[in-house]
6 protein chains.
Amino acid sequence: MPYVNVKITNEGATPTQKAEVIAGITELLQRVLGKNPATTVVVIEEVDTDNWGIGGEPVTLRRRRGL
Amino acid sequence: MPYVNVKITNEGATPTQKAEVIAGITELLQRVLGKNPATTVVVIEEVDTDNWGIGGEPVTLRRRRGL
Amino acid sequence: MPYVNVKITNEGATPTQKAEVIAGITELLQRVLGKNPATTVVVIEEVDTDNWGIGGEPVTLRRRRGL
Amino acid sequence: MPYVNVKITNEGATPTQKAEVIAGITELLQRVLGKNPATTVVVIEEVDTDNWGIGGEPVTLRRRRGL
Amino acid sequence: MPYVNVKITNEGATPTQKAEVIAGITELLQRVLGKNPATTVVVIEEVDTDNWGIGGEPVTLRRRRGL
Amino acid sequence: MPYVNVKITNEGATPTQKAEVIAGITELLQRVLGKNPATTVVVIEEVDTDNWGIGGEPVTLRRRRGL
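Residues numbered from 1 in each chain as written. Chains lettered and ligands numbered in written order. Predicted model: local features only at pLDDT ≥ 70, side-chain atom pairs only at ≥ 80, totals over all residues. Heavy atoms only, no water.

(A) Seen up close, the relation of the copies chain E and chain A. You can overlay chain E on chain A at an RMSD of 0.0 Å; the transform is a turn of 180 degrees with a shift of 0.0 Å along its axis. As the rotation angle and translation indicate, the two copies are arranged about a two-fold axis. Judged by C-alpha distance, Asn5(E) is the residue of chain E that lies nearest the rotation axis, at 2.6 Å. When the interface residues of chain E are mapped onto chain A, 100% of them again fall at the interface, so both copies present the same face. (Least-squares fit on C-alpha atoms with pLDDT ≥ 70 in both. Contact = heavy atoms within 4.5 Å.)

So, in structure tokens, the structure goes:
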């Protein structure tokens, strides 16, 4: 019954990669915590780099500096 | 003053349906908990089926199998 | 399959009231959007009034003024 | 190490304004709470006015009435 | 730089289990998406069974019926 | 009408500090984005250090090493 929300910047994750993240987290919560995979929900949100800040600035600006 | 976040897959909810969800939740919280509707916020987020996982796989794959 | 998060201040909602909120939102999403109630998740979070701000101040201060 | 999520309606915030919000919140949490800006994350989410309800109705309808 | 929020019912997860969840998700996002583990944040929230609804009712009631 | 959620570890923020965070964010969103402070909501969540992971481990373990 867990609910997991994964937020990442929208920098090209493919459907296959996202499916792997969903499968991997669901399996982890079953193995470690005994949670039922049938009712485990994983929601991935991809956020524009203008809208994601770290270190006080948007990721867009960091990427321009090669970070 | 409540804040409600509703996450659903983006499978065609219309503006009219979304307005009904907003009205219905606001009315419910007023009736059951006495919350002031004027300051009740409801935010609906529609998520791509590639990004919504249940049972360890994306909804996109489930839909292909007719689930 | 919807996921709904309800945040309210912790001012005495009873288990019965919370059960009514869960039932009411689940029913609403089934009726308006055709969502399967069996996999609809509703999570209620109760927040200390010191930690909930509106109008630029904590609810604790507003309550002291009778708001 | 704080994580801050800012939800606003998508009514034209510019990249510059969003950068100011990110910088301002990061600075505030450092000044008031002593939090390390290097690991402070701010994520801004812009929500369609059809999907944001207040007072029991979508912002789209309020905007039409000049609110 | 991902941010992951894991919500589970508060039914006795130990600090060791929670550390395993944190380590496992961080490793997964590095392996699948190439994310930097140093800035990956995982926040676990444990929710009272009165406040977690599925199938239109609180988990507390389901547990009483042995579900 | 913005909604802001601030998550921090529960390491002793006082009611006065939390009130400063609420006031500061509300003022910032008014000044930068023209948002109405009367309907700006700020919710602060304080998370146990066992439940907050960064760099693949709980903050509790980092604190023991003096980080």
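(B) Expanded view of the pattern of salt bridges. On inspection of all chains with the given rule, the structure shows 42 salt bridges over all chains. Taking the shortest distance from any N to any O, the salt bridge between Arg62(B) and Glu57(B) comes out at 3.9 Å. Classification of Glu57(B) as buried rests on a relative accessible area of 16%. Within the structure, one salt-bridge network assembled from shared partners comprises Lys7(A), Glu45(A), Lys7(B), Glu45(B), Lys7(D) and Glu45(D). (Salt bridge = Lys/Arg side-chain N within 4 Å of Asp/Glu carboxyl O. Buried < 20%, exposed > 50% of the residue type's maximum accessible area, 1.4 Å probe, protein only.)

(C) Here's a closer look at the pairing of strand β1 (residues 3-9) of chain D. With respect to burial, β1(D) is a largely interior element, 7 of its 7 residues being buried. Because side chains alternate across β1(D), one face comprises the buried residues Tyr3(D), Asn5(D), Lys7(D) and Thr9(D), and the other comprises Val4(D), Val6(D) and Ile8(D), equally buried. Taking the sense of rotation as the criterion, the β-α-β connection linking β1(D), helix α1 (residues 15-33) of chain D and strand β2 (residues 41-47) of chain D turns out right-handed. Here 5 bridges tie β1(D) to strand β1 (residues 3-9) of chain F, and the two strands are oriented antiparallel to one another. Paired with Val6(D) across the strands is Val4(F), a residue of β1(F). (Helix = DSSP H or I, 4+ residues; strand = E, 2+ residues; numbered from the N terminus. Right-handed = clockwise from strand over helix to strand, strands pointing away. Pairing = 2+ DSSP bridges.)

(D) Expanded view of the environment of Leu61(C). Structurally, the position occupied by Leu61(C) is in helix α2 (residues 59-64). Along the sequence, Leu61(C) and Thr49(C) sit 12 residues apart, while their C-alpha atoms lie 8.6 Å from each other.

(E) How the structure looks around helix α1 (residues 15-33) of chain F. Residues and elements named next belong to chain F. If you check α1, its first and last C-alpha atoms are 27 Å apart, about what 19 residues at 1.5 Å a residue would give, namely 27 Å. All of the buried residues in α1 are Lys-18, Val-21, Ile-22, Gly-24, Ile-25, Thr-26, Leu-28, Leu-29, Val-32 and Leu-33. Among the residues trailing α1, Gly-34 stands out with phi positive, at a value near 70 degrees. (Expected span 1.5 Å × (residues − 1).)

(F) Geometry of the interface of chain E and chain A. Facing 26 residues of chain E, the contacting portion of chain A comprises 26 residues. When chain E packs against chain A, close to 2200 Å² is buried across both sides, 75% of that on carbon and sulfur atoms. In this structure, the connection of chain E to chain A is made through 0 salt bridges. Sorting the residues of the side of chain E that touches chain A by element identifies β1 (3-9), α1 (15-33), β3 (52-54) and α2 (59-64) of chain E as the ones contributing at least two each. In terms of residues, the side of chain E that touches chain A owes the most to one element, α1(E), which gives 9 residues. Residues belonging to the side of chain E that touches chain A are distributed by class as follows: 16 nonpolar, 5 polar and 5 charged. (Buried area = accessible area lost by both parts, 1.4 Å probe. Nonpolar A, V, L, I, M, F, W, Y, C, P; charged D, E, K, R; others polar.)

(G) Region of interest: the packing of helix α1 (residues 15-33) of chain A against α1(E). In the contact formed by α1(A) and α1(E), the axes pass within 10 Å of each other and the chain directions differ by 160 degrees. Compared by their axis directions, α1(A) and α1(E) come out roughly antiparallel. You can see that α1(A) and α1(E) cross each other, and the crossing is right-handed. Across from Gln17(A), Glu20(A), Val21(A), Gly24(A), Ile25(A), Leu28(A), Leu29(A), Val32(A) and Leu33(A) in α1(A), the residues of α1(E) making contact are Gln17(E), Glu20(E), Val21(E), Gly24(E), Ile25(E), Leu28(E), Leu29(E), Val32(E) and Leu33(E). Considering only residue class, the contact of α1(A) with α1(E) consists of 12 nonpolar, 4 polar and 2 charged. (Axes fitted to C-alpha atoms, helices over the stretch in contact; angles between N-to-C directions. Parallel < 35°, antiparallel > 145°, perpendicular 65-115°, else oblique. Left-handed = near helix turned anticlockwise from the far one by under 90°.)

(H) Here's a closer look at the sheet that holds β1(D). Taken in spatial order, the 8 strands of this open sheet run β4(A)-β3(A)-β2(D)-β1(D)-β1(F)-β2(F)-β3(C)-β4(C), and their pairing is mixed. Across the chains shown, the open sheet's two edge strands, defined by having one partner strand only, are β4 (57-58) of chain A together with β4 (57-58) of chain C. Direction of pairing for β1(D) relative to β2(D): parallel, over a ladder of 7 bridges. The residue bridging Lys7(D) from the neighbouring strand is Glu45(D), located in β2(D). Each of β3 (52-54) and β4 of chain A, β1 and β2 of chain D together with β1 of chain F touches α1(D); the most contacted strand, β2(D), lies at about 140 degrees to it.

(I) Main features of the arrangement of the chains. There is a clear gap between chain B and chain E: no contact, and 14 Å between their nearest C-alpha atoms. In this structure chain A stays clear of chain F, and the shortest span between their C-alpha atoms is 14 Å.

(J) A look at the sheet that holds strand β3 (residues 52-54) of chain F. Within the open sheet, the 8 strands sit side by side as β4(B)-β3(B)-β2(A)-β1(A)-β1(E)-β2(E)-β3(F)-β4(F). Their pairing is mixed. The sheet terminates laterally at β4 (57-58) of chain B together with β4 (57-58) of chain F, the two strands that pair on one side only. Of the strand pairs in this sheet, β3(F) and β4(F) are connected by 2 bridges, and their pairing is antiparallel. In the strand pairing of β4(F), Gly53(F) is matched with Pro58(F).

(K) Region of the structure containing the packing of aromatic side chains. Summed over all chains, the structure comprises 3 aromatic pairs over all chains. Residues Tyr3(B) and Tyr3(F) carry aromatic rings whose centres are separated by 3.5 Å and whose planes lie at 0 degrees to one another, so their mutual orientation is stacked. A residue pair is termed interchain when its members come from two chains, as with Tyr3(B) in strand β1 (residues 3-9) and Tyr3(F) in strand β1. A single burial state applies to Tyr3(B) and to Tyr3(F), both of which are buried. (Phe/Tyr/Trp six-rings, centres within 6.5 Å; stacked < 30°, edge-to-face > 60°.)

These values are about where atoms sit, not about what they do.
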